[in-house]
There are 2 protein chains.
Amino acid sequence: MLLAVAERIQSHLDATARAVGVTHAQVKVLMQLDQPQRLCDLASLQDCDPSSITALVQRLERDGLVQREVDPNDARARRIRISAKGKRSRQKFLELMGDGRAALDTLSADERAALAAMIAGG
Amino acid sequence: MLLAVAERIQSHLDATARAVGVTHAQVKVLMQLDQPQRLCDLASLQDCDPSSITALVQRLERDGLVQREVDPNDARARRIRISAKGKRSRQKFLELMGDGRAALDTLSADERAALAAMIAGG
DNA sequence: TATTGTTATACTCTATAACTATA
DNA sequence: TATAGTTATAGAGTATAACAATA
């Protein structure tokens, strides 16, 4: 049941990202770029392999949503910075997404009550 | 916040599926095979393109988790049936997954209360 | 030597378009 | 003509392994 809700939120998230012209994974990265982040830090935050982030960031850069710059403190590292276009995409996504409550709209009152009790009592 | 919980459940789901040696998408299909299903019905249930299900089922069949048979009522259609091995994988997944409550364990009591209120009142 | 990141490669999921076979 | 399914192709996400540059 909790799983069904998670699936529904996930679908809502995917659809919203698509409406903005980005993917779910790309949005997750954009969300973490309030400050420029090193690539390895992004990998830690997303709990995935650095090579995956390299690929992801390459697509974000290709689409003009981020810029890469050398870390002034470590010539090995790259800092990823969100662009103006990236900020617009992120903002648009958040507006469309709301707080995710829309994903609960398909649940009945009974289902919502049961779910709330489960979470509160978990 | 709701989104964070959904992400956490999603991760738990992915990790559990991986532990059983299948993918999240494959488990979702196995869950819908209490009765044999036609491929086009699986596509509807998963809300995805039939060609995606064709590919997915090919991998499930390769791994011995399902069998395909011609629908006796329609020579165009194929019925997908879960195998004994598939049932064991599904069972193991459900046992490891529990009811998904484990995904809530990282939330504080305050967070859980806030989330429960949001769901109940949504 | 250890860390940061990239490249090469491979696999899964997904979609679109063109196709075959059957209804 | 419409429906069920497949194949070809492509793009995204992910991982492993081997590698280069820097610390």
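Preceding block: the structure.
About the criteria used
- Residues numbered from 1 in each chain as written.
- Chains lettered and ligands numbered in written order.
- Predicted model: local features only at pLDDT ≥ 70, side-chain atom pairs only at ≥ 80, totals over all residues.
- Heavy atoms only, no water.
- Pairing = 2+ DSSP bridges.
- Helix = DSSP H or I, 4+ residues; strand = E, 2+ residues; numbered from the N terminus.
- Buried < 20%, exposed > 50% of the residue type's maximum accessible area, 1.4 Å probe, protein only.
- Contact = heavy atoms within 4.5 Å.
- Axes fitted to C-alpha atoms, helices over the stretch in contact; angles between N-to-C directions.
- Near = heavy atom within 4 Å.
- Polar contact = N/O pair within 3.5 Å; in protein donor to acceptor, adjacent residues only side chain to side chain.
- Nonpolar A, V, L, I, M, F, W, Y, C, P; charged D, E, K, R; others polar.
- Salt bridge = Lys/Arg side-chain N within 4 Å of Asp/Glu carboxyl O.
- Buried area = accessible area lost by both parts, 1.4 Å probe.

A. Structural context of the pairing of strand β3 (residues 74-82) of chain A. All names here are of chain A. Alignment of strand β1 (residues 37-38) against β3, held across 2 bridges, turns out to be antiparallel. For Gln 37, the partnering residue across the bridge sits in β3 and is Ile 80. Note: strand β2 (residues 66-71) against β3, 6 bridges, orientation antiparallel. Paired with Glu 69 across the two strands is Arg 79, which belongs to β3.

B. A look at the environment of A:Thr23. Residues and elements named next belong to chain A. Within the fold, Thr 23 resides in the loop between α1 (2-20) and α2 (24-31). Of the residues examined, Thr 23 reaches a relative accessible area of 40% and is grouped as partly exposed. Along the sequence, Thr 23 and Ala 103 sit 80 residues apart, while their C-alpha atoms lie 18 Å from each other.

C. Representation of the sheet that holds β2(A) within the structure. All names here are of chain A. Read from one edge of the open sheet, 3 strands run β1-β3-β2, paired in antiparallel fashion. The open sheet terminates on both sides in strands that have one partner only, identified here as β1 and β2. Along the sheet face, helix α4 (residues 50-62) touches β2 and β3 and points at about 120° away from the line of β2.

D. Summary view of the side chain of A:Thr16. Residues and elements named next belong to chain A. Residue placement: Thr 16 occurs in helix α1. For Thr 16, a relative accessible area of 6% translates into the label buried. When sequence neighbours within four positions are dropped, the list of residues in contact with Thr 16 reads Phe 93, Leu 96 and Met 97.

E. Representation of the sheet that holds strand β2 (residues 66-70) of chain B within the structure. Residues and elements named next belong to chain B. The strand order β1-β3-β2 describes an open sheet built from 3 strands, whose pairing is antiparallel. Two strands lie at the open edges of the sheet, namely β1 (37-38) and β2, each paired on one side alone. Note that β2 and strand β3 (residues 78-82) share 5 bridges and pair antiparallel. From the neighbouring strand, Val 66 faces β3, where its bridge partner is Ile 82.

F. Broad picture of the protein's contact with DNA strand C. The environment of DNA strand C is formed by 24 residues, the closest being A:Cys40, A:Arg68, A:Arg78, B:Thr23 and B:Arg59. Of everything in DNA strand C that lies within 4 Å of the protein, sugar and phosphate atoms constitute 69%. A:Arg76 places a polar side-chain atom, nitrogen or oxygen, 2.8 Å from a base oxygen of DNA strand C. The separation between a phosphate oxygen of DNA strand C and a polar side-chain atom of B:Arg59 is 2.6 Å. Among the secondary structure elements, those contributing two or more residues to the surface near DNA strand C are α3 (39-46), α4 and β3 of chain A together with α2 (24-31) and α4 (50-62) of chain B. When residues of the surface near DNA strand C are assigned to their parent elements, the largest contribution, 6 residues, is made by α4(B). In terms of residue class, the surface near DNA strand C is made up of 8 nonpolar, 7 polar and 9 charged.

G. Here's a closer look at the pattern of salt bridges. Overall, the coordinates contain 15 salt bridges over all chains when judged by the stated rule. In this structure, the salt-bridge partner of A:Asp74 is A:Arg38, at a minimum N-O distance of 4.0 Å. Of this pair, A:Asp74 sits in strand β3 while A:Arg38 is found in strand β1, placing the two residues 36 residues apart along the sequence. Close ionic contact of B:Arg38 with B:Asp41 constitutes a salt bridge, the shortest N to O distance being 3.5 Å. Taking relative accessible area as the criterion, B:Arg38 reaches 28% and is therefore assigned partly exposed.

H. Quick peek at the pairing of β3(B). Across 2 bridges, β1(B) lies against β3(B) in antiparallel orientation. Considered in β3(B), the bridge of B:Arg38 is made with B:Arg79.

I. Up close: the interface of chain B and chain A. Residue-level contacts link 21 residues of chain B with 21 residues of chain A. For the pair chain B and chain A, the summed buried area comes to about 2,100 Å², and 71% of that belongs to carbon and sulfur atoms. Linking chain B to chain A there are 2 salt bridges. Its salt-bridge partner being B:Lys28, residue A:Glu7 comes within 3.6 Å of it at the nearest N-O pair. For the interface between chain B and chain A, the tally reads 4 residue pairs in polar contact (both at pLDDT 80 or more). Top element by residues in the side of chain B that touches chain A is helix α1 (residues 2-20) of chain B. It accounts for 7 residues. Its residues assigned to classes, the side of chain B that touches chain A shows 12 nonpolar, 4 polar and 5 charged.

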